[in-house]
Amino acid sequence: VGIGWPEPNDQAAAMDPVKLIASDGTEIILDRQAAMVSGTIKSMLGGPGGYVEQEKGEINFPEISGKTLEQTVQYFYYKLRHTNPSSNHTLPEFKIEPESALELLMAANYLDT
């Protein structure tokens, strides 16, 4: 599943995909720039630790469900799109269903987003 691929003018980021794998086997492919919104993923992919994830460009999340991971990735793209300090526009709401709020909060905490 490719979610929210970048605009055509951002082709460099689109050519460096990252695969996130949820506990239920759901695979989400996103561009590296969006993945780097997460401090945890950024450390795994770019840190000096030499993680296996750096070589494979794929990260397993055995504690995060596919639905929660998909919503988290949607937030990565939302944050990329709407984080612009020079802009004075009102941010659109990032909608979260009440029944998934706790699971999303725990995933966001783990992913450092």
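Residues numbered from 1 in each chain as written. Predicted model: local features only at pLDDT ≥ 70, side-chain atom pairs only at ≥ 80, totals over all residues. Heavy atoms only, no water.

A word on the packing of aromatic side chains. Summed over all chains, the structure comprises four aromatic pairs. Measuring from ring centre to ring centre gives 5.2 Å for Tyr-78 and Phe-94, while their planes differ by 55°; the resulting arrangement is tilted. Of this pair, Tyr-78 sits in helix H5 (residues 66–82) while Phe-94 sits in the loop between H5 and helix H6 (101–111), and the two are 16 residues apart along the sequence. Using a relative accessible area of 24% as the deciding quantity, one classes Phe-94 as partly exposed. (Phe/Tyr/Trp six-rings, centres within 6.5 Å; stacked < 30°, edge-to-face > 60°. Helix = DSSP H or I, 4+ residues; strand = E, 2+ residues; numbered from the N terminus. Buried < 20%, exposed > 50% of the residue type's maximum accessible area, 1.4 Å probe, protein only.)

A cluster of nonpolar residues, Leu-102, Leu-105 and Met-106, forms a patch on the protein surface that exposes about 350 Å² of accessible area. Looking at the secondary structure, you find Leu-102 in helix H6. (Patch = residues over 30% accessible without salt bridge, like charges linked within 9 Å, V, L, I, M, F, W, Y side chains within 5 Å. Areas by Shrake-Rupley, 256 points an atom, 1.4 Å probe, with all protein chains shown as cover. Salt bridge = Lys/Arg side-chain N within 4 Å of Asp/Glu carboxyl O.)

So, on to the packing of H5 against H6. Running from N to C, H5 and H6 cross one another at 60°; their axes reach a closest spacing of 10 Å. Between H5 and H6, the crossing angle belongs to the class labelled oblique. The hand of the H5/H6 crossing is right-handed. Between H5, through Thr-68, Gln-71, Thr-72 and Phe-76, and H6, the contact on the second element is made entirely by Glu-103, Leu-104, Ala-107 and Leu-111. Taken together, the residues of the contact of H5 with H6 sort by class into four nonpolar, three polar and one charged. (Axes fitted to C-alpha atoms, helices over the stretch in contact; angles between N-to-C directions. Parallel < 35°, antiparallel > 145°, perpendicular 65-115°, else oblique. Left-handed = near helix turned anticlockwise from the far one by under 90°. Contact = heavy atoms within 4.5 Å. Nonpolar A, V, L, I, M, F, W, Y, C, P; charged D, E, K, R; others polar.)

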